[in-house]
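Spelled out from the first residue to the last, the chains are:
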Amino acid sequence: MGRKTKSFTAALSLLLVMSIVLSACGGGKNESSEGTAEKPVELIWYTIGTPQKDVNKVMEEVSKYTAEKIGVTVKMNMIDWGDYSQKLQVMTASGEAVDIMFTSSWAFDYVQSARKGAFMQIDDLLKEHGQGIMETLDPAFLEGSKIDGHNYGIPANKELPAQEVWRFNKQYVDKYKLDTSSVYTLESLEPLLKTIKENEPDVYPFAVDKNQMPYVPYDYVIEKLPMAVSLDTTDYKIVNVLDTPEMKQILSTMHKYYKAGYIPTEAATMDSMTDVQTTGKWFADRATSQPFADNLWSASYGYPVVSTPASEALIYNWSVMGSMQAISANSKYPEKAMEFLNLLNTDPVLRNMVDSGIEGVHYKKAGDNVMENLDESKNYDMPTFSLGNVMLTYLNTTDPTNKWEEFKKFNDAGVQAPLLGFNFDTSKVTTEIASVNNVKEEYWAALMTGTVDPETYLARANEKFKAAGLDKIMAEAQRQLDEWRAANK
Amino acid sequence: MGAFGRFFKNMNRNAAMLVMVLPATLWFIFFSYLPMAGMIIAFKEYRYSRDGFLASIIESKWVGLQNFKFLFSTNDAYIITRNTVVYNIFFIVLGLVIAVAMAIMLAEITNKRLAKVYQTGMFLPYFLSWVIVGYFVFSFLSLDRGVVNQVAGWFGIDPMNWYSDPTYWPIIIVVVFLWKSVGYNSVIYLAAIMGIDKSLYEAAMIDGANKWQQIRNITLPMLTPLITILTLLAIGKIFYADFGLFYQVPRDSGTLYSVTNVIDTYVYRGLKSTGEIGMSTAAGLYQSLIGFVLVITSNGIVRKFNKDNALF
């Protein structure tokens, strides 16, 4: 062995020793049974939302309560909306210590992360420590969030179906005495947009940004990839949604609106409409609704907003998985984490503390289950839907008293979308998905906002989708879908 | 005396020097060499294990070159490679010429106070983040409120939708890049010019050389080693694109992808929603491998012509 090889071997062994030392620091092993009121265990909880100033203060109070009840304390870490998916992907991939984390269909993708092994399978935990959840939660939630027959997360009890609505800035509806009740399709919006365009040059008639998804009566296999089945399908055939007559018609209408100046010129590159919503310089847009959503929107924008339906209320995979909490696969205390989630979803005291903060500091009671925000609440303003059972939360003074009954009615009336419960396993087509995602990024926003002419761009997009392997993905999805249907007859 | 004995004797003799390089060495070991072991992720289908990161790597199954396939699976592969390399060639060549020219001009300015002002002005954009530069550009090119379209309006030219027409973007990208980076590079060259022995110029003046001859026969030859080194380093990065430049400045506009899509943005767009770590590692490995080969080759070529100018 020459000298060179020797020093190389030495360097290599040094490298190995160091990596072992480093990894040893990271991996602590399970300690003996703790988790009593005297010796509580700490649960680390990652959830979505703009970090709030008073999180630690509130969690101290929460910990006092939970230590007594189930022997746990809670450390909550909030990560902002835009960063959440990517940060959590990195954290789970590198095996960071997390016990509970927020997951959903639209941020930190639940199905994909579960398939990669980020979450603990909770079938048994749920039976042992989560009876409360099973009692209170609409069974459709747990059923709809199963992956290959197992549960990996606990959906928040909230509205089940998704209903698309047109929202209007009421100020302009009143000013021009517009009739919103006759609006349902995209085309029926035109006379209203026209009025606004002619009379209010400073207002965006139709507030559309790059995330715009026109409503078509199809259920997508993967959000924002153009494969879907028709809502009234009988043969469950997956089609390219860009080839359907409904989509073609909508895209040409959007392009017409764009040329007429109803849509912001920079729509295809605008990340969000938040600035416009703050100033109120918009007339109409589209959103997903829930009962009494008008109240919610009006309160958060500071001016009245009204809405009228744009679709049926349907239960989709993405609406069922809209907000979930999962237990990390490397959690040291999975039982305790499940006990905590059970308490969070059944105990009004805990749930409201997590949601609204400390009574007398952040809010005050104005009735049995009614509360009013105090000034301090600006330091603890949490996204209610993301933190478990919303039906336990106190009502605002402006809410109708029958709010949660209406939610239950809304849930019961929801019709199941065809793909509810089917989750596409993409592991065989990851290469194609990566390529197709690139094509989607190239054409999607420009087409959906009406910025480009669908006559030419639709064909171009379809051609590139084909070249990127969309057909192969669709065939694989069709195969899995057929299998799934055969198994669930 | 064995190899080890000699090694320790050497260590002892150079102790002071070795202590000085220790921090940088440690930095390289921890942040450059240790993580290199992670390269094997490129050949695995990465799945999480409950026992932590290392266990995840070990337990994930081998998939051979599967992860590299998405880089070459469509004809986008040609576009992104072309864009990355051609833009970088322009950046390297134009960046070099303009930065050296600026440095020489700055050195020739006799009013030192003014020279400092120019230098600072050119240097400033280097410190701006691409997000901010992106908004600068947007304020020029916005369809209805942009400066360019408004000025064009005065001359009766129809406003142009810059963010959906790829025609002029290759020029915009190059100009924005140069605007941001030339100041920094010219400061490096300026420092080198300041280090040139003044007596060389005096001797040249006595011999009757004019300014242009002085620059051509003294300044440029004295700068050549530095130019070679910086260019070689830049060539090593020719397969890396500046993500911010190609993502933020065109505002991620889909219609511009034919001229703005580069390897880095392609990888980001393909994998941001799926989070396939194996595939992004594969892309990174591919880039560094090509960069490595290019540096070795170009260094070899430089050595052929002039041994002293080569990196190693």
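Predicted model only: the values in this text are computed from it and were never measured.

A short note on the overall build of chain B
Thought 1: Looking only at helices and strands, chain B features 15 helices and 2 strands.
Thought 2: Compactness check: chain B gives a C-alpha radius of gyration of 25 Å against a globular reference of 20 Å for 312 residues, more than 25% above the reference.
Thought 3: With the C-alpha coordinates aligned to their principal axes, the bounding extent of chain B is approximately 85 × 75 × 35 Å.
Thought 4: When burial is assessed residue by residue, chain B has 26% of its 312 residues classed as buried.
Thought 5: Look at the contacts in chain B between residues 6 or more apart in sequence, and 69% of them connect residues 24 or more apart.

Comments concerning the sheet that holds strand E18 (residues 415-416) of chain A
Thought 1: Pairing is mixed in the open sheet, where 5 strands are placed in the order E8-E12-E7-E13-E18 (chain A). Edge strands, defined here as strands with exactly one partner in the open sheet, are strand E8 (204-206) and E18 of chain A.

Points about the domain arrangement of chain B
Residues and elements named next belong to chain B.
Thought 1: The domain boundaries assigned to chain B delineate domain 1 (43-73) and domain 2 (75-309).
Thought 2: Centre-to-centre, using C-alpha coordinates, domain 1 lies 35 Å away from domain 2.
Thought 3: Each side of the interface is counted separately: domain 1 has 8 residues, and domain 2 has 8 residues.
Thought 4: Only strand E1 (44-45) and helix H4 (69-72) provide two or more residues apiece to the side of domain 1 that touches domain 2.
Thought 5: A per-class count over the side of domain 1 that touches domain 2 returns 5 nonpolar, 1 polar and 2 charged.

Some points on the nonpolar core
Generally speaking, soluble globular proteins have nonpolar side chains that are buried together.
Thought 1: Formed by 163 residues in total, the largest nonpolar core has its most connected members in Leu43 and Val221 of chain A.
Thought 2: Take this core: its biggest share by element is 10 residues, from helix H17 (residues 430-448) of chain A.
Thought 3: Among the domains, domain 1 (43-73) and domain 2 (75-309) of chain B are the pair contributing at least three residues each to this core.
Thought 4: Non-local contacts of Val221 of chain A, meaning those with residues more than four positions away in its chain, are made with Met227, Ala228, Ile238, Leu419, Phe424 and Ala477 of chain A.
Thought 5: Core analysis: the second largest hydrophobic core is formed by 9 residues, Ala99, Val100, Met102 and Leu190 of chain B among them.

Re the packing of H17 of chain A against helix H14 (residues 263-271) of chain B
Thought 1: Where H17 of chain A contacts H14 of chain B, the axes come no closer than 7 Å and their chain directions differ by 105°. The angle between the axes of H17 of chain A and H14 of chain B places the two elements in the roughly perpendicular class. Contact residues: H17 of chain A offers Ala434, Ser435, Asn437, Asn438 and Glu441 of chain A, while H14 of chain B offers Tyr266, Arg269, Gly270 and Leu271 of chain B.
Thought 2: Along the lines of polarity and charge, the residues of the contact of H17 of chain A with H14 of chain B split into 3 nonpolar, 4 polar and 2 charged.

Topic: the pairing of strand E10 (residues 227-230) of chain A
Thought 1: In terms of strand pairing, strand E9 (residues 218-220) of chain A meets E10 of chain A through 3 bridges, oriented antiparallel. Paired with Tyr218 of chain A across the bridge in E10 of chain A is Ser230 of chain A.

Quick word on unusual backbone geometry
Residue and element names in this part refer to chain A.
Thought 1: Not every positive phi belongs to a glycine, and Phe108 is a case in point at roughly 50°.
Thought 2: Of note, the phi angle at Lys177 is positive, near 50°, even though the residue is not glycine.
Thought 3: Tracing the backbone through its elements, the reader meets Lys177 in the loop between helix H8 (170-175) and helix H9 (190-199).
Thought 4: By C-beta crowding, Lys177 is classed as exposed, having 7 other C-beta atoms within 10 Å.

A short note on the interface of chain B and chain A
Thought 1: Of the residues lining the interface, 41 residues belong to chain B; the matching set on chain A comes to 41 residues.
Thought 2: In terms of residues, the side of chain B that touches chain A owes the most to one element, H14 of chain B, which gives 4 residues.
Thought 3: When its residues are assigned to classes, the side of chain B that touches chain A shows 16 nonpolar, 15 polar and 10 charged.

Things to note about helix H10 (residues 245-260) of chain A
Residues and elements named next belong to chain A.
Thought 1: Along its 16 residues, H10 runs 23 Å from first to last C-alpha, staying within 8% of the 22 Å computed at 1.5 Å per residue.
Thought 2: Among the residues of H10, Met247, Ile250, Leu251, Met254, His255, Tyr257 and Tyr258 are the ones counted as buried. Considered in projection along H10, the buried side chains sweep an arc of 160° and stay on one side of the axis. Exposed side of H10, more than 90 degrees from the buried face: Pro245 and Lys259 are the residues found there.
Thought 3: Close packing links the buried residues of H10 with H9, E8, H17 and helix H18 (454-468).
Thought 4: Following H10 by one or two positions, Gly261 adopts a phi angle in the positive range, close to 85°.

Rules used throughout
Residues numbered from 1 in each chain as written. Chains lettered and ligands numbered in written order. Predicted model: local features only at pLDDT ≥ 70, side-chain atom pairs only at ≥ 80, totals over all residues. Helix = DSSP H or I, 4+ residues; strand = E, 2+ residues; numbered from the N terminus. Rg over C-alpha atoms; globule rule 2.2 N^0.38 Å. Buried ≥ 20, exposed ≤ 12 C-beta atoms within 10 Å, placed from the backbone. Contact = placed C-beta atoms within 7 Å. Pairing = 2+ DSSP bridges. Domains from an automatic or database assignment. Nonpolar A, V, L, I, M, F, W, Y, C, P; charged D, E, K, R; others polar. Core = buried A, V, L, I, M, F, W, Y, C linked by C-beta atoms within 7 Å. Axes fitted to C-alpha atoms, helices over the stretch in contact; angles between N-to-C directions. Parallel < 35°, antiparallel > 145°, perpendicular 65-115°, else oblique. Expected span 1.5 Å × (residues − 1). Arc of directions from axis to C-beta.

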